[in-house]
Amino acid sequence: MVELIIEHWRNLDGSSQYLWSLWRDGKRIGVSRPTETQDGAEQQGMDWCLRSTGVGPDRVTRL
């Protein structure tokens, strides 16, 4: 199973950052740098997943 996880980090200055990580069978196979929007992080993760694995993720989880 391939899962795309979108993480939301809140900074002390009140700003937010979003990161994606891609997991296959419980092992992380990719991770991003911070992005400004949740949708942007998800799109980047989806694109990376398709390029790297040839398929889309089985599940997307937003934390």
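Predicted model, so just to flag it, every value in this text is computed and none were measured.

### So, the overall build of the protein
Secondary structure summary: the protein contains one helix and four strands in total. Along the chain direction, N to C, the helices and strands of the protein fall in the order β-β-β-α-β. By the compact-globule yardstick of 11 Å for 63 residues, the protein fits well, its C-alpha radius of gyration being 12 Å. Counting all 63 residues of the protein, 29% fall into the buried class. For the protein, the proportion of contacts with a sequence separation of at least 24, taken over those separated by at least 6, is 35%. With 8 positive and 9 negative side-chain charges, the protein shows a separation of 6 Å between the mean positions of the two kinds.

### Some details on the pairing of strand β2 (residues 16–24)
Direction of pairing for strand β1 (residues 2–10) relative to β2: antiparallel, over a ladder of nine bridges. Bridge pairing in β2 links Val 2 to Arg 24. Where β1 folds back onto β2 in an antiparallel hairpin, the turn is made up of five residues, including Gly 14, whose phi is positive at roughly 95 degrees. The antiparallel hairpin formed by β2 and strand β3 (residues 27–31) contains two residues in its connecting segment, where Asp 25 sits at a positive phi of about 50 degrees.

### Quick notes on the packing of aromatic side chains
We describe a pair of aromatic rings using the distance from one ring centre to the other and the angle between the two ring planes. Under the definition given, this model contains one aromatic pair. Summarising the aromatic geometry, the rings of Trp 20 and Trp 48 are spaced 5.4 Å apart at their centres and angled 40 degrees between planes, so their arrangement reads as tilted. With Trp 20 in strand β2 and Trp 48 in helix α1 (residues 38–53), this pair connects stretches of sequence that are 28 residues apart. The class of Trp 20 is buried, set by a relative accessible area of 4%. Judged by relative accessible area, which is 24%, Trp 48 ranks as partly exposed.

So, how was this worked out
Residues numbered from 1 in each chain as written. Predicted model: local features only at pLDDT ≥ 70, side-chain atom pairs only at ≥ 80, totals over all residues. Heavy atoms only, no water. Helix = DSSP H or I, 4+ residues; strand = E, 2+ residues; numbered from the N terminus. Rg over C-alpha atoms; globule rule 2.2 N^0.38 Å. Buried < 20%, exposed > 50% of the residue type's maximum accessible area, 1.4 Å probe, protein only. Contact = heavy atoms within 4.5 Å. Lys, Arg positive; Asp, Glu negative; His and termini not counted. Charge placed at Lys NZ, Arg CZ, Asp CG, Glu CD. Pairing = 2+ DSSP bridges. Phe/Tyr/Trp six-rings, centres within 6.5 Å; stacked < 30°, edge-to-face > 60°.

These results come straight from atomic positions and should not be treated as a statement about function.
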